[in-house]
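The primary structure of each chain is shown beneath.
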Amino acid sequence: MSKITKEGGCLIVPEQVTIPYIEGDGVGAEITPVCQHIVNIAVKKAYGSNRHIEWKEVLAGEKAFKQTGSWLPDETMDAFRTYMIGIKGPLTTPIGGGIRSLNVALRQTLDLYVCLRPVRWFQGIVTPIKEPEKVDMYIFRENTEDIYAGIEWQQGTPEANKFYRFLTEEMGVTKVRFPETSSFGVKPVSIEGTERLVRAAIEFAITNRLPSVTLVHKGNIMKFTEGGFKLWGYALAEREFPGQTFTWPQYEKIKKEKGEDAAAQALLDAESSGKVVIKDVIADAFLQNTLLIPEEYSVIATLNLNGDYISDQLAAMVGGIGIAPGANINYDSGYAIFEATHGTAPNIAGKNIVNPCSLILSSVMMLEFMGWNEAAMLITAALEHAFSEGKATHDLARFMPNGQSLGTKEFGEYIVKIL
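Residues numbered from 1 in each chain as written. Predicted model: local features only at pLDDT ≥ 70, side-chain atom pairs only at ≥ 80, totals over all residues. Heavy atoms only, no water.

### Some remarks on the pairing of strand β3 (residues 16-22)
In terms of residue burial, β3 counts as a mostly covered element, since six of its seven residues are buried. One ladder, built from six bridges, connects β3 with strand β4 (residues 52-57); its direction is parallel. Along β4, the bridge assignment pairs Thr18 with Glu54. Where β3 and strand β5 (residues 85-88) come together, two bridges link them in parallel fashion. By the bridge assignment, Ile22 is partnered in β5 with Lys88. (Buried < 20%, exposed > 50% of the residue type's maximum accessible area, 1.4 Å probe, protein only. Helix = DSSP H or I, 4+ residues; strand = E, 2+ residues; numbered from the N terminus. Pairing = 2+ DSSP bridges.)

Laid out in structure tokens, this is it:
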């Protein structure tokens, strides 16, 4: 089998390709084989014997610890570096010292700076909102800074006291309301980290002919971190994509110089010519707007913590995290790990009831990233067909008017039957 490489900025994917995978803890042992079987059938259906995936298991989490004594063996990281693209089930985070999060460790070690979460509705799935078909967004969540690189000092420790003294004695800070009982945290947000995320979001919008990129931030309060994210994002769009984007600051400048009608016309001209509109919104307003006017948003570029909240809210609006796929990508190096976005769910592990769709849809993203779009489309169409018939695992089927609950294996077999 052959490895994926990157040449001249493009991925070179051999027809017979090795993909490393982490089975995952808890329900991972159930959803991973179902997902792989579906992908194998779709690839065979789309390409016959011309293309094939060899699945190479690598270890992480509880399974790795039991077999090797390490939660994240070096061999696993080496495999992802060697083969470039991989996929994983959910992982248990070890309790106590050491690795704070296995998922974060994987993302930071490979510098997977984009957490990409597409959110869309499938016909047949019952949701809490009236018009879920209006939800069609791609969240580009920054994956290496903000709270993922956060530095904390616990209340009452010598380190916290030292940090407080530094704030007051060296920096002149007087705003700490209860210094004796306060813990402290610092979050870094850089120009470089912001620019590469926003660049990836804009390039994605241009490539896929999507209408807008929205910078979501809390810059009204955190002016130099989240506010910096907004300003740096706009500056990058105007500097690197001058003929392909129209930014909100440009709109405001035209409005100030020529009037509101001229600005509105400039916006209409930009939209009609296919330019990507770059705009921004405060995070709390955005969460409200996604419920009221979701059709206003397409590609979202945001910081780490905001992206965490946004991803889960939008997933709930289209049926829940059980059908929410995710990817961690470095668009510069080509490294990418696709993953189930839910947890290990130990309370239902081994009961043949877990929904495998998060991992299945993540494999669709993986196939699309590889350029194997025909196989990806077959899987998506099969899922749409099943949901429209009311066939789903119990978490979804119980809300469908014509719902028929299927076990994890049985649902996988039904998707294969449709394929």
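Next comes the rest of the account.
### With respect to the pattern of salt bridges
The tally for this structure, following the rule as stated, stands at 17 salt bridges. Asp312 is the partner of Arg117 in a salt bridge, and the nearest nitrogen-oxygen pair spans 3.6 Å. Taken together, the positions of Arg117 in strand β6 (residues 114-120) and Asp312 in helix α11 (residues 304-317) put the pair 195 residues apart, joining distant regions of the chain. Its salt-bridge partner being Arg141, residue Asp308 comes within 3.8 Å of it at the nearest N-O pair. Taken together, the residues span a long stretch of sequence, with Asp308 in helix α11 and Arg141 in strand β7 (residues 136-142) at a distance of 167 residues. (Salt bridge = Lys/Arg side-chain N within 4 Å of Asp/Glu carboxyl O.)

### Description of unusual backbone geometry
For Asp111, which is not glycine, the phi dihedral falls at a positive 55°. Along the chain, Asp111 turns up in the loop between α4 (102-109) and β6. We classify Asp111 as partly exposed; its relative accessible area is 28%. One non-glycine residue with positive phi stands out, namely Asn352, at about 60°. Inspection of the secondary structure assignment puts Asn352 in the loop between β15 (336-340) and α12 (357-370). For Asn352, a relative accessible area of 22% corresponds to the partly exposed category.

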